[in-house]
Amino acid sequence: MADAETDLVLDAYLAHVRVERGLSRATLEAYGADLTRFARHLERASIPAVGAAPEHVSAFLAQLSREGLSARSQARMLSSVRGLYRWLVREQTITRDPTELAPAPSRTKKLPVVLSAEEVRALLAAPDESTPLGVRDAAMLHTMYAAGLRVSELVRLDLSSVQLDEGFVVAHGKGNKRRLVPIGIPARERIARYRAEVRERWAAAGERALFVTERGTAMTRQNFFERVRIHAMTAGIRRISPHKLRHSFATHLVERGADLRAVQAMLGHADISTTQIYTHVLDERARAMVRDLHPMNDETEK
C-alpha cells in the first residue's frame with residue numbers, strides 16, 4: 001500500500017504547485033517525473049513518501065550518481081524532492097524534512113556563451129527588411145535583445161504587452177511572474193513598423209499574439225529557433241541559439257557598468273546569484289585578454 005499512499009501525496013502536491021505557483025505544463029511534468037522516480041526508489045524499500053528519512057534521500061542521490069546522471073540533473077531532482085517535503089512540513093503531515101541536510105550535488109557552473117557587440121549588430125542587421133518576413137524577424141530579434149527576453153517570453157507577448165509610447169514591454173516569466181522591461185528606440189521603431197505593415201495583414205481574426213506567422217497564428221519557439229539559425233548563417237555566426245541574445249544583453253549591460261540589481265530585475269531572476277554569473281563572464285574575458293595580449297607573455301614564451 002506504500003506506493004498507493006505515496007501516489008496520493010504526489011498528486012496532492014502537484015495540484016498545489018499548479019495552483020499556487022502557476023507552473024507551466026512542461027514544468028509540472030518535469031516535477032512529476034522527478035518525484036515519481038524518487039517514489040519508485042522508496043517503493044523498493046516499502047517506504048511511503050511520508051516515511052522517508054535522510055538516509056533514504058542520501059541513498060537516492062547516490063544511486064543517481066552511480067547511474068551516471070549529471071550533477072545538474074541530480075540537483076534538479078533534489079530540488080523537486082525538497083519542494084515536496086517542505087510542503088509536507090508546512091501542511092503538518094510530517095514533522096521533519098528528510099532533505100534538510102542533504103548537500104546539493106557539486107557542479108561546476110558553466111559560463112554562458114555570449115555574442116560580441118559586433119556579432120549582435122550583424123545578427124540584427126541580417127533580416128531583409130524589404131520583405132514582410134524580414135520586417136517581422138527584425139522586430140523579434142530587436143525586441144529579444146533590447147529586453148533580454150527568454151524565447152518563451154518573446155513568443156508569449158500579446159498586443160497589450162508592448163507599450164511603445166512609454167517604451168517598455170510586459171514580460172511574463174517563470175511562474176507567470178510579470179515584469180516591466182524598458183526597450184530602446186530601434187526596437188520600438190521595428191515593432192511599430194511590423195504591426196502596421198505586416199501583422200495587420202497576417203494575423204488571423206481574434207489572434208492576440210504580437211508575433212505571428214504567415215499563416216496568421218502565433219509564432220512558436222521552434223519556428224523562431226529556425227529563423228535565428230538562418231539569420232546567424234547570413235551574419236557569419238556559428239553555433240547560435242536564441243538564448244545567446246539574452247546572455248549577450250545581460251553581459252553587455254554589466255560590461256558597460258549597469259547596476260547588477262537593475263539587470264536582475266530586467267532579466268526576472270529571483271536570486272542575485274543567478275545574475276552574478278555575468279560578472280564571471282567578464283572576469284574570464286579579462287583573463288583571456290591578459291593571456292593573449294599581455295607583452296610579458298610573449299617574453300616567457302621565448
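Residues numbered from 1 in each chain as written. Predicted model: local features only at pLDDT ≥ 70, side-chain atom pairs only at ≥ 80, totals over all residues. Heavy atoms only, no water.

**Points about the sheet that holds strand β2 (residues 168–172)**
Right, on to step 1. In spatial order, the strands read β1-β2-β3; together these three strands make up an open sheet with antiparallel pairing. The open sheet has two free edges, formed respectively by β1 (162–163) and β3 (178–182), since each of these has just one partner strand.
Right, on to step 2. In this sheet, β2 lies alongside β1 in antiparallel orientation, the contact comprising two bridges. Across the sheet, residue glutamine 163 finds its bridge partner in β2, namely phenylalanine 168. (Pairing = 2+ DSSP bridges. Helix = DSSP H or I, 4+ residues; strand = E, 2+ residues; numbered from the N terminus.)

**Some words on the pairing of β2**
The two faces of the sheet receive side chains in turn, since in a regular strand these alternate between them.
Right, on to step 1. Here β1 folds back onto β2, and the loop between the two strands holds four residues, one of which, glycine 167, carries a positive phi near 80°.
Right, on to step 2. Relative to β3, β2 runs antiparallel, the two being bridged by five bridges. By the bridge assignment, phenylalanine 168 is partnered in β3 with proline 182.
Right, on to step 3. Between β2 and β3, which follow one another and run antiparallel, lie five residues, and glycine 175 among them has a positive phi close to 70°.

**Quick look at the layout of surface pockets**
Right, on to step 1. In this model, the second largest pocket occupies a volume close to 380 Å³.
Right, on to step 2. Taken together, 17 residues line the second largest pocket, and the ones lying closest to its centre are Val120, Leu124, Tyr145, Ala146 and Phe249.
Right, on to step 3. In terms of residue count, helix α5 (residues 117–125) provides more of the lining of the second largest pocket than any other element does, five residues in total.
Right, on to step 4. Among the residues forming the lining of the second largest pocket, the class breakdown is twelve nonpolar, three polar and two charged. (1 Å grid on protein atoms, 1.4 Å probe; cavity = no way out; pocket = protein on both sides within 12 Å on 5 of 7 lines; lining within 4 Å. Points joined across faces, edges and corners; volume = space filled by probe spheres on them. Nonpolar A, V, L, I, M, F, W, Y, C, P; charged D, E, K, R; others polar.)

**Side note on the nonpolar core**
Right, on to step 1. Core analysis: the biggest nonpolar cluster contains 43 residues, and Met140, Leu154, Tyr194, Leu210, Phe211 and Phe224 have the highest contact counts within it.
Right, on to step 2. If we skip the residues at most four places from it in the chain, phenylalanine 224 touches Met140, Leu141, Met144, Val151, Leu154, Met219 and Pro242.
Right, on to step 3. Leu64, Leu78, Leu88 and Ile94 belong to the second-largest nonpolar core, a separate cluster that totals 27 residues. (Core = buried A, V, L, I, M, F, W, Y, C linked by side-chain atoms within 4.5 Å. Buried < 20%, exposed > 50% of the residue type's maximum accessible area, 1.4 Å probe, protein only. Contact = heavy atoms within 4.5 Å.)

**A closer look at the environment of valine 228**
Right, on to step 1. Locating valine 228 in the fold gives a position in helix α9 (residues 221–235).
Right, on to step 2. Valine 228 gets classed as buried once you look at its relative accessible area, which sits at 2%.
Right, on to step 3. In this structure valine 228 touches Leu123, Leu141, Ile240 and Pro242, once residues within four positions along its chain are discounted.

**Let's talk about the confidence of the model for the chain**
Detailed reading of the predicted coordinates is not advisable wherever pLDDT falls low.
Right, on to step 1. Averaged over every residue, the pLDDT of the chain is 88; residues scoring 70 or more account for 90%.
Right, on to step 2. Taking the mean pLDDT of every element in the chain, the minimum, 47, falls on helix α14 (residues 295–301) and the maximum, 98, on helix α6 (residues 132–147). (pLDDT = per-residue confidence, 0-100.)

**Notes on the environment of histidine 231**
Right, on to step 1. With respect to the element layout, histidine 231 can be found in helix α9.
Right, on to step 2. Residue histidine 231 is classed as buried on the basis of its relative accessible area of 5%.
Right, on to step 3. Here the alpha-carbon distance between histidine 231 and proline 127, two residues 104 residues apart in the chain, equals 6.4 Å.
Right, on to step 4. Setting aside residues no more than four positions away along its own chain, histidine 231 makes contact with Leu123, Ala126, Pro127, Asp137 and Leu141.

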